[in-house]
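Each chain, written out:
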Amino acid sequence: MNLHHQLQSEIAKLLTRRWFLQNCGVGLGAMAFNSLLSNDVRAADTPNPLAPKQSHFPAKAKRVVYLFQAGAPSHLELFDPKPELAKRDGQLPPADLLKDYRAAFINPNSALLGPKYTFHTHGQAAIELGETLPYTGKMVNDLCFIRSMHTDAVNHAPGQVMMNTGAQQFGRPSFGAWTLYGLGTESDDLPGYVVLTSAKGTSGGASNYGSGFLPTSFGGIPFRGSGDPVLYLSNPKGFDDKTQRTSLDSLRRLNEIALEDFGDPEIAARIQSYETAYRLQSSAPELMDLSSEEQHVLNQYNIKDVNQSTFGRNCLLARRLLERGVRFVQLFHEAWDHHSGLTNGIKRSCEVTDQPSAALVADLKQRGLLEDTLVIWGGEFGRTPMVQTGNDGRDHHNRCFTIWLAGGGIKAGHVHGKTDEIGFNVVEDGVHVHDLNATLLHLLGLDHTRLTYRFQGRDFRLTDVHGHVVNDILS
Amino acid sequence: MGNHIVKVTVFLIAVLVLASASMSTVLGADQTIDFQQHIRPILVEHCFKCHGPDEGTRQSDLRLDLREMATAKRNSGELAIVPGNPDASWVLMRVTSDDPDLVMPPPNENNALTSAQISMLRQWIQAGAKYSPHWAFVPPRQTDLLDLREDPTTGQLVDAAKPISHPIDGMVAHRLKKAGVAMSPPAPHDVLCRRIHLDVIGLPPSPSEVTQFVAVAEQDPASAVAALVERLLHSAHYGEKWARHWLDVARYADTNGYEKDLPREQWAWRDWVIQVINADLPYNQFIIEQIAGDLLPNRTQNQLIATGFLRNGMINEEGAIVFEQFRMEGLFDRMDCIGKAVLGISIQCAQCHNHKYDPISQNEYYGMFAFLNDTCESKSWVYTQQQQKQIVEITAEIGHLENQCREHNPDYQQQIADWERSQLAAAPQWEILDTTEQVWVGGVNHPEEKADHSVMVMGHPTTEGTMYVVAEPQLDGITGLRLEALTHGDLPFGGPGQSYRGTFALSELTVEVKPSGSDSWKKLTLNHASSDFAEEDQPLVLEDSTPDEKRRIGPIAFLIDENIETGWRADRGPLIRNTESVAVVQFAEPLQLPTRTLFRVTLDLKHSPGKQGVQNTMLGRMRFALTRSLNPRAANYDHAATLAMQKPPAHRRATETAAVFRAWRKSVPELSAMNQQIAACQQQYPEAHTSVLTVTARDPTDRRNTFLLDRGVWDKPKQRIRPHVPALFHPLHLGEADHSEDGLCGPASATSTALAPRLAFARWLVDPNSPFAARVQVNRVWQAIFGKGLVETPEDFGLRAPQPEYLNVLDWLAVDFVAGDWSTKHLIRTILFSATYQQSSQINPEILRLDPQNSWLARSPRFRAEAEVIRDIALSVSGLLNRKIGGASILPPVPDNVLNDTFTRPDWTVATGVERYRRALYVFRKRSMPDPVLMNFDAPNADFSCARRIRSNTPLAALVALNEPVFVEAARAMALRILREGGTTDQERTAYAFRLCTARSVKPAEQAEVLALLKDCRTRLAEGSLSINEVATGNLDRPLELPTGCSPQDAAAWTIAARVLLNLDETLSKN
């Protein structure tokens, strides 16, 4: 049989409706998120755009957990020790630094503010961290710190959207959406890209995890900390599970009659969507139910009350999602915008995030998942070495900030990049947002210049026309 | 296992798609090479990136998009293309070379040509390398329908005597014949009836409407369709359905976006869209009014509202933003929107550099940008028709009374002139303060001084705070300080304040000085304040309408009483609310300070009633001045008159002349009775019921020039650019403007006879000679009906757009559209009357195999309805739908956990009663919190213009239709409707339910399935495993309002069944 005949035969089989129905009893991931044979989705011209896809080259990381610290944590208190800044507390910054510089709120020519916390040395590589990060400190042998991040934006909403989508303009696909587009998902009963939120809502809003111009199926699905974990997961009042099952059985049989009549594969896809929805009705609550987790695990994540939605609980949920084959989990914790009350603010936010973040890395490691899971921790920009609001606040600063990475393909126990003695400018190995994204995609086996989607006659990329893989942080 | 099979199939289909794609480009020996169809796509994909229109990235100075360049002898002596001689053509040598240094495209591009492509290039060059312009860049022409009578397979003329019944059908049949397939039979009448309803009004037909249609159609299908289409085109729901398609591309939303995402009033614009679509406003006029309605002669309120189109984009109000940055972002968005909505070309590539594929340069991008850049970001009141009438009456009455004033004083002009002279003589001499620093304490705002030394505060909607300006004036004998509150088109209703009404309130004004060398500021004693106007002393009324007795507002004395709890406000009421004001304060002692003394004026703001910024009362534009005159005071008439008097009478605008007249008549004691009458009349002036964001022309003294921006970055201006359009398209003549002195801003004065550039641009966009205007609209309408445009990428008709299968249909309709006076109703009629549209949507496996995308249209497409239509179907079949047209958006139920996930939790008073069941068009669109129902059915969230929705089919959507409260309420209501109207037995009711949901008769197998479900439910209800009340009402205690003769159990069982039927694929789809 030649290839052409083989293809025709496969197509014929696909379109033989009974066959289709009987052979497609597969999961959320592998089946029909999108219109079958629809030409709408040109870049996803396969029946199921979420089916697992081959990466461009062998991947170091198979899944991602992104702990997004919205509001922009201060690198000067947490990650980038600056004894010189302490010495110059109260002095004005060197005038030559301020040329063309834009802060958001302050007059750039404001006094320098020494770091509010001392730094301690951790791990084999003697990496220094602020004293409010004791748990992160214990994990530094597994972490890679990039102290030379920089970005284009100085306001929160554009900054967060820049970090998550590679553009300050709203409406571009998020990193998670690009990842699903590139790799699909292996989860049968859960969405491929799940979003968890603690503290308050983010400045960037839903655009931080949106699909942009990619098909909506690639966007992040928020799992809610209270109420239905997935919107409208619960049946209406009075409808028990048996009624739901009976109803869906009837619906399926009625839709099968329509499928016979119209011969439209889209109807088969619809049948599958309802079946998957039914499975999600049990898989999502099962995921959120932490009663099967042992007490020492809860302690490790600093979870006091399993029913209370916190950053800690979200970290544990992230691990459970990753275990279940979810490709991309993103946590948003908007709590770092310390224009004033910096000292207490940093302390409080660290109390909430330090222990669980470290616990997640340790837990993934212990379960053998860390080696092919990419963990990212960081916000949308840094904070000014200059003071804002009396003596205890810092403004937005886009010239440098720190993030840390861990897991699949990342050089562990490493510090990349260097800032000047007051933490104002990058002086060595700068990493722009586009470079970071290029590197993260690289670890996922994706060439950022080849992961494109044609929209409006242009091949769009997460990294626009920029980005270089930062080889120095690869293991 | 299942997984494996699916993956294999996925792979095979992908291969097949590719295989068929390349098959269609491998030509038989007898076929000719067409540049458009075969060659240009190769050049675009493989060559233009480096050898195309963008000179910035052009390599080796070789340009292949123009024949004269591609065939010209190059400096090296080589010839890229030698027509008729492929072997002498370097292009062929390079693309076939084995040498990695020579082969094109370079190996690292991973973009090598296939042998089929190379062979086509060879054949094309052999045949003379003929170029032809891209179809989308030349105006459409209609195919000669007579050509369609040629049998595509034999070349023989067929049916020469028989006229072609319908142009679309003629073209489709011709194509199908070539492919050897036939059109599908007509859809059953009931299915067609529902299809037409969904397409024209977005609502399904009632069972009786279906029955009536079927009865007529059985006799005469053509007239039945004609009558139905006509009736529906006249329904007000038509405008609702078709407005939504435009709202997508116009990025309509009810909030401002970004972090704050505050609510905006914009629904008046949406109402305008509904109204004009219902009135079938010609499409060219539809576009002109939205781009430049404010500039039309004698423009109406509606034409101003229309410009809200340009303002539908996002507004950043985050703390500390630079207003200009996000104004520019807004303009980029406006360009993107016009590109997608009207031009059908992706111009935004050229924001940063010349377009790589389409011949649009960066210069030309900013040329179009310049038409839009010189506007005010204005906000305008919207009055009801009744109010507009009232305003006309009041204005006439005031005019009449003022005429009486004139009649009483026949020499009034002389009197005014004398009065003006006396006023000017008595007025203090003011020196405008040139400020050196403008600071908002804390930095949440960035005040800026303009060329006329006025200071503007834009951006964050601040409700509390302090700002100051610093200057270094000559401080010798200064007796007083003047603060002018000035108007500006960028402020709401012209300002001068930023409040909801454009008013301001100032809590405190202080003045300090710091002599050179001193470290500290010394506060000066202010001992007298006067103003042209101030309100009575009253408590500040908070957002929730409660008066705050502690915080008081009104008299000018409050400005300097050293009490932050009291403030000055000057709201003159709706007629002359948005006018200038002035305050003058006196220093206790004339200032005698050494030179180089710094002088600081501080303003405190603490009289905004709300917290979220909607009610901020910041002063938007202000100017300071100093005087040495003795005992300086503000005049006791409106500052507008004072400002007008600074101009010679002949140069005053009508509003300025009126202000002076008003001030004068109030000063004449004999006119006091008349003045009182006028004041009483003013009292009647109505408050507008809503507002809308608009654009308006800038003041000629405040013109804004456009610069090409380096790499598209807002604060990196390069050379100035005058308004112009891409050379690619039909020309735009600006008349006099072209010859004005600097040639940059268009007409320099309002008296110029040349068209305002933006209006000229608007007309140019819909010029009958435009290659894009009609095509883009035709394609958009076609896409709405067929689920896919004739050009699949409605936002991009450029060189990279897929070649349309039915370009002839597009062009025929486009020409017909313009000939039909741009009537969209005519266009819809034409499409709906075609047999192509009326075909059955049943899928023939053989045709599916040959044409999986249904590009040939051998059947009617069937697809899931749009998000809004799905919700409206549920409301409609359940009988809950509230058919009211227009008005403000309604707040749908949204789960608490969604509301909590927002940056600032919105006030969310959920619509109850009938308001809850308005059409989905009226559901409030909050950008940062997309409506969870509509979003799951792929409604765009308006962050940017959306010309094409992508349909998904997800479990999350299934959960919405099964469990979302409004859908569940629909199921419960539908159950009662079935019991009420659907007969007395479950058989009859099932048949009725199917008519409701699908418009067709139930099939026996379906009947059996539903009856079995009902039986099962009844059993469980009877045995008490389910609560009848809870199922049927959602509440154990709520009493059921049952139709006579029905049991509670009927209601419960049918609620379960109705929920199933509302979720049928057929219910959710257009079949």
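Because the structure is predicted, anything quoted here is derived from the model rather than measured. (Residues numbered from 1 in each chain as written. Chains lettered and ligands numbered in written order. Predicted model: local features only at pLDDT ≥ 70, side-chain atom pairs only at ≥ 80, totals over all residues. Heavy atoms only, no water.)

> Just checking my understanding: could you explain the sheet that holds strand S16 (residues 598–605) of chain B for this structure?
Two pairing modes exist for strands in a sheet, parallel and antiparallel, and in both the strands are linked by backbone hydrogen bonds. Taken together, five strands build an open sheet; the order of strands is S3-S6-S16-S9-S10 (chain B) and the sheet is antiparallel. Edge positions in the sheet fall to strand S3 (435–440) and strand S10 (522–523) of chain B, since each of these pairs with one other strand and no more. (Pairing = 2+ DSSP bridges. Helix = DSSP H or I, 4+ residues; strand = E, 2+ residues; numbered from the N terminus.)

> Could you clarify how one ought to interpret the pattern of salt bridges in this entry?
Inspection of the entire model under this criterion finds 109 salt bridges over all chains. For the salt bridge of Lys1003(B) with Asp261(A), the shortest nitrogen-to-oxygen distance reads 3.1 Å. Placement of Lys1003(B) in the loop between helix H34 (986–998) and helix H35 (1004–1022) and of Asp261(A) in helix H8 (residues 241–262) is noted, with the two residues assigned to different chains. A salt bridge links Arg320(A) to Glu286(A); the shortest N-O distance between them is 3.8 Å. Of the two residues, Arg320(A) sits in helix H11 (residues 311–323) while Glu286(A) sits in helix H9 (residues 265–288), which places them 34 residues apart along the sequence. The class for Arg320(A) is buried, based on a relative accessible area of 2%. One network of salt bridges, in which partners are shared, links Glu286(A), Glu293(A), Arg319(A), Arg320(A), Glu323(A), Arg324(A), Asp363(A) and Arg367(A). (Salt bridge = Lys/Arg side-chain N within 4 Å of Asp/Glu carboxyl O. Buried < 20%, exposed > 50% of the residue type's maximum accessible area, 1.4 Å probe, protein only.)

> Help me out: how do you make sense of the environment of Gln301(B) in this one?
All names here are of chain B. The topology assignment puts Gln301 in helix H14 (residues 301–306). C-alpha of Gln301 to C-alpha of Tyr383: the two residues are 82 residues apart in sequence and 8.2 Å apart in space. Not counting chain neighbours up to four residues away, the residues in contact with Gln301 comprise Trp381, Val382, Tyr383 and Gln388. (Contact = heavy atoms within 4.5 Å.)

> What is the right way to look at the packing of helix H24 (residues 773–786) of chain B against helix H25 (residues 807–819) of chain B in this model?
Angle between the axes and distance between the axes: these two values describe a pair of packed helices. Residue and element names in this part refer to chain B. Closest axis-to-axis distance for the H24/H25 pair is 9 Å, and the angle between their directions is 115°. Here H24 lies roughly perpendicular to H25, going by the angle between them. The hand of the H24/H25 crossing is right-handed. On H25, the residues that touch Ala774, Arg775, Gln777, Val778, Asn779 and Trp782 of H24 are Val809, Leu810, Asp811, Leu813, Ala814, Phe817 and Val818. When grouped by side-chain class, the residues that make up the contact of H24 with H25 number nine nonpolar, two polar and two charged. (Axes fitted to C-alpha atoms, helices over the stretch in contact; angles between N-to-C directions. Parallel < 35°, antiparallel > 145°, perpendicular 65-115°, else oblique. Left-handed = near helix turned anticlockwise from the far one by under 90°. Nonpolar A, V, L, I, M, F, W, Y, C, P; charged D, E, K, R; others polar.)

> So what exactly am I meant to see when it comes to helix H23 (residues 757–765) of chain B here?
Count 3.6 residues to each turn of an α-helix, and residues three or four apart come out pointing the same way. All names here are of chain B. H23 sits mainly inside the fold: eight of its nine residues count as buried. What H23 keeps buried is the set Pro757, Arg758, Leu759, Ala760, Phe761, Ala762, Trp764 and Leu765. Against the buried residues of H23 lie helix H13 (283–292), helix H16 (323–343), helix H17 (362–373), strand S1 (375–382), strand S18 (690–697) and H24.

> How do you make sense of the confidence of the model for chain B when you look at a structure like this?
Detailed reading of the predicted coordinates is not advisable wherever pLDDT falls low. All names here are of chain B. Averaged over all residues, the pLDDT of chain B equals 92, while 94% of them reach at least 70. In the model, residues 1–29 has pLDDT below 50 throughout and makes 30 contacts with residues more than four positions away in sequence or in other chains. Our summary of model confidence lists the complex with pTM equal to 0.93 and ipTM equal to 0.92. (pLDDT = per-residue confidence, 0-100.)

> Looking at this structure, I do not really get the environment of Asp459(A). What am I missing?
Within the secondary structure layout, Asp459(A) lies in strand S17 (residues 458–460). The contacts of Asp459(A), once residues within four sequence positions are left out, are Thr452(A), Tyr453(A), Arg454(A) and Arg800(B). Within the local environment of Asp459(A), its side chain forms a polar contact with the side chain of Arg454(A), the two groups lying 2.8 Å apart. (Polar contact = N/O pair within 3.5 Å; in protein donor to acceptor, adjacent residues only side chain to side chain.)

> For this particular structure, what's the right way to read the sheet that holds strand S12 (residues 538–541) of chain B?
Residues and elements named next belong to chain B. Judged by pairing direction, the sheet is mixed, and its four strands sit side by side in the order S8-S14-S13-S12 without closing on themselves. If you trace the sheet from one side to the other, it starts and ends with strand S8 (505–506) and S12, each paired once. Relative to strand S13 (residues 547–554), S12 is paired through four bridges, and the arrangement is antiparallel. In the strand pairing of S13, Gln538 is matched with Ile553.

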